[in-house]
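Notes for the structure review
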Amino acid sequence: MPKPRKQLISIADTPYYHCVSRCVRRAFLCGEDPVTGQSYEHRRDWVEKRLLFLSRIFAIKVCAYAVMSNHTHLVLFIDHETVESWTTEEVLTRWHAIHKGTMITQQYMLQGQVPDYLQPLLDATVETYRQRLMDISWFLRELNENIARQANFEDCCTGRFWEGRFKSQALLDEAALMACMAYVDLNPVRAMMADTPEMSDYTSIKKRIHNAKQNQQPKVLHPFVSNPRAEQPKGLPFKLEDYLELVDLTGRIVRQDKRGSIDLSFAPILQRLNIPSENWLTIATQFEQVTHCAVGTETILSNYYQNAGYKRRPKISKAKQLLA
């Protein structure tokens, strides 16, 4: 039986998660329907715009994303420390950007206060909204429901557009995080929708490369902050240049189907994380196939499954070989 989402997502173990949502219909989410010839490519723009909008509202940052023909890949970071520091006004301002709220929250935003007898109810409501604004399930709900409504209206029909549950994977260490991000960023290249990462439309890698040419990082994405160090600012614990180079090298191999054409052992990130180049090529192209609901070293996985209440630990032999 599937585990409840609240048991799979544990901030105590990791703030990073890989989420996949798949379209339930025969007709594609995006791309061109081979049966009718109708193009749905414009829906990819819907998804990207809504995703980046929500990242500015929620305390959830987008590390990587790829909008494919019938599914979406996201790597998300839960910024639970920041959300705890938000004032009542900031919580309500963010929530009201996507929902009306209640009469009490609207009164507070208009007048700056509520009668004393309503204060406990206001405080409880604000706390509920605060928790929702760092909840991945709510984040995906706000993303997927909006897209489903637009697609249903366009198709003149009703019913489910997405599968009942999105798939989530806990990324428990730096190696798992980097491998998953590269896997997501290279999705269009593996699917032969693009020749190179910088030509992959509606992906985080294209947005990062575009900004890197201007010596910037996109504000809508979780930033790279170099290698781990004391008092490090919030962000991805890698150098942006190293990551972009690694994805570019891997993308060339994947696209040309020449696994031995480039020696990835010289990539600085792989050296620091002690991942052999052969293992890297496997996890960067088959991440979902060789991993389970959580990804990390054997010790970290054992702790995670114990905290999640698993009576039997899922098989981790393949992941153990690749990320040992």
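Residues numbered from 1 in each chain as written. Predicted model: local features only at pLDDT ≥ 70, side-chain atom pairs only at ≥ 80, totals over all residues. Heavy atoms only, no water.

- By the naming in an unreviewed UniProt entry, the protein chain goes by Transposase IS200-like domain-containing protein and is assigned to Marinomonas fungiae.

What about the overall build of the protein chain?
- Broken down by element type, the protein chain carries 15 helices and five strands.
- The buried share among the 324 residues of the protein chain stands at 50%.
- Considering only residue pairs separated by 6 or more positions, the protein chain has 67% of its internal contacts joining residues 24 or more positions apart.
- Working note: accessible area of the protein chain is about 16200 Å², and carbon and sulfur atoms make up 50% of it. (Helix = DSSP H or I, 4+ residues; strand = E, 2+ residues; numbered from the N terminus. Buried < 20%, exposed > 50% of the residue type's maximum accessible area, 1.4 Å probe, protein only. Contact = heavy atoms within 4.5 Å. Areas by Shrake-Rupley, 256 points an atom, 1.4 Å probe, with all protein chains shown as cover.)

Brief notes about the packing of aromatic side chains
- Summed over all chains, the structure comprises seven aromatic pairs.
- Residues Tyr183 and Phe287 carry aromatic rings whose centres are separated by 5.8 Å and whose planes lie at 35 degrees to one another, so their mutual orientation is tilted. In this pair, Tyr183 sits in helix H8 (residues 174-185) while Phe287 sits in helix H13 (residues 277-290), placing the two residues 104 residues apart along the sequence. For the pair Tyr183 and Phe287, a shared accessibility class is recorded, and that class is buried.
- Their ring planes at 35 degrees and their centres at 5.1 Å tell us that Phe224 and Tyr243 sit as a pair that is tilted. Taken as a pair, Phe224 in the loop between helix H10 (204-212) and helix H11 (240-256) and Tyr243 in helix H11 lie far apart in primary sequence, 19 residues in all.
- When its relative accessible area of 5% is taken as the criterion, Phe224 is described as buried.
- The exposure class assigned to Tyr243 is buried, which follows from its relative accessible area of 0%.
- Counting every residue linked through ring pairs, the aromatic cluster contains Trp95, Tyr129 and Trp138.
- Directly above the ring of Trp138 sits Arg141, whose terminal nitrogen or CZ lies 4.3 Å from the centroid. (Phe/Tyr/Trp six-rings, centres within 6.5 Å; stacked < 30°, edge-to-face > 60°. Lys NZ or Arg CZ within 6 Å of the ring centre and 35° of its normal.)

Looking at the pairing of strand S3 (residues 71-78)
- Counted residue by residue, S3 has eight buried out of eight residues, so it is predominantly covered.
- Judged by which residues are buried, S3 turns out to be covered on both faces: His71, His73, Val75 and Phe77 on one side and Thr72, Leu74, Leu76 and Ile78 on the other are all buried.
- Bridge count for strand S1 (residues 16-22) against S3 is seven bridges, and the pairing is antiparallel. Of the residues in S3, the one forming a bridge with Cys19 is Leu74.
- Joining the antiparallel neighbours strand S2 (residues 60-67) and S3 is a turn of three residues. (Pairing = 2+ DSSP bridges.)

Observations regarding the nonpolar core
- Membership of the largest hydrophobic core comes to 52 residues, with the highest contact counts inside it found for Phe58, Leu76, Ile136, Phe139 and Leu140.
- Sort the elements by how many residues they give to this core and helix H7 (residues 136-155) lands first, with eight residues.
- Formed jointly, this core draws a minimum of three residues from each of two domains, domain 1 (87-134) and domain 2 (173-323).
- When sequence neighbours within four positions are dropped, the list of residues in contact with Leu76 reads Pro15, Tyr16, Tyr17, Cys19, Ile60, Lys61, Val62, Cys63, Ile136, Phe139 and Leu140.
- Counting residues in hydrophobic clusters, the runner-up holds 41 residues, among them Ala64, Phe77, Leu236 and Tyr243. (Core = buried A, V, L, I, M, F, W, Y, C linked by side-chain atoms within 4.5 Å. Domains from an automatic or database assignment.)

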